Amino acid sequence: QVQLVESGGGLVEAGGSLRLSCAASGRWSRINSMGWYRQAPEKQREPVASSIGGFTMYGDFVKGRFTISRDNVKNTVFLQMNSLKPEDTAVYYCHAQIIDYDLRNYDYWGQGTQVTVSS
């Protein structure tokens, strides 16, 4: 059983910063990717940032404000968010694509952490 546990959400003023963390636990063959999605009220879930091997990808709206990083020893992914805007308000979900011992890819999600940016 794989679990993703997030932390670091909260309330911040516009222009402020937050750092999200997500730790994966369980058993697997290999973690293929880890990243973050977000979902604002009445909107679809959208990708924020992902880390695949040595590569990182960001949603267009990030525009240099967020940085994703990973600690592969601790199976943890971080999202440093700077210059936050009210439109960044959403529930942020950690995502991991993990290769199990049957060599199949499985998608796992964290429980979500609320990020609220006040104007």
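The structure reproduced in this document is the subject of the present report.

About the cut-offs
- Residues numbered from 1 in each chain as written.
- Predicted model: local features only at pLDDT ≥ 70, side-chain atom pairs only at ≥ 80, totals over all residues.
- Heavy atoms only, no water.
- Phe/Tyr/Trp six-rings, centres within 6.5 Å; stacked < 30°, edge-to-face > 60°.
- Helix = DSSP H or I, 4+ residues; strand = E, 2+ residues; numbered from the N terminus.
- Buried < 20%, exposed > 50% of the residue type's maximum accessible area, 1.4 Å probe, protein only.
- Lys NZ or Arg CZ within 6 Å of the ring centre and 35° of its normal.
- Pairing = 2+ DSSP bridges.
- Axes fitted to C-alpha atoms, helices over the stretch in contact; angles between N-to-C directions.

Focus on the packing of aromatic side chains
Line of reasoning, step 1. Enumeration according to the criterion identifies one aromatic pair in this entry.
Line of reasoning, step 2. Aromatic side chains Tyr37 and Trp109 sit 5.0 Å apart centroid to centroid with 70° between the ring planes, which places their arrangement in the edge-to-face category. Placement of Tyr37 in strand 4 (residues 30-39) and of Trp109 in strand 10 (residues 105-109) is noted, with a sequence separation of 72 residues between them.
Line of reasoning, step 3. Relative accessible area serves as the criterion here: at 25%, Tyr37 is assigned to the partly exposed category.
Line of reasoning, step 4. Seen from the ring of Tyr93, Arg45 lies directly overhead, with NZ or CZ sitting 3.7 Å from the centre.
Line of reasoning, step 5. Over the ring of Trp109 we find Arg45, and its NZ or CZ is 4.7 Å from the ring centre.

Side note on unusual backbone geometry
Line of reasoning, step 1. A positive phi angle, close to 50°, is found at Lys63, a residue other than glycine.
Line of reasoning, step 2. Relative to the elements of secondary structure, Lys63 occurs in the loop between strand 6 (55-58) and strand 7 (66-71).
Line of reasoning, step 3. Even without being glycine, Leu103 reaches a positive phi, approximately 70°.
Line of reasoning, step 4. Of note, Leu103 is situated in the loop between strand 9 (90-99) and strand 10.

Overview of the sheet that holds strand 8 (residues 76-81)
Line of reasoning, step 1. The strand order 1-3-8-7 describes an open sheet built from four strands, whose pairing is antiparallel. Strand pairing shows two members of the sheet lacking a second neighbour, strand 1 (3-7) and strand 7, which therefore form its edges. Ignoring strand direction, the axes of neighbouring strands in this sheet form an average angle of 15°.
Line of reasoning, step 2. Relative to strand 3 (residues 18-25), strand 1 is paired through five bridges, and the arrangement is antiparallel. Each residue of the ladder has a partner; that of Leu4, found in strand 3, is Ala24.

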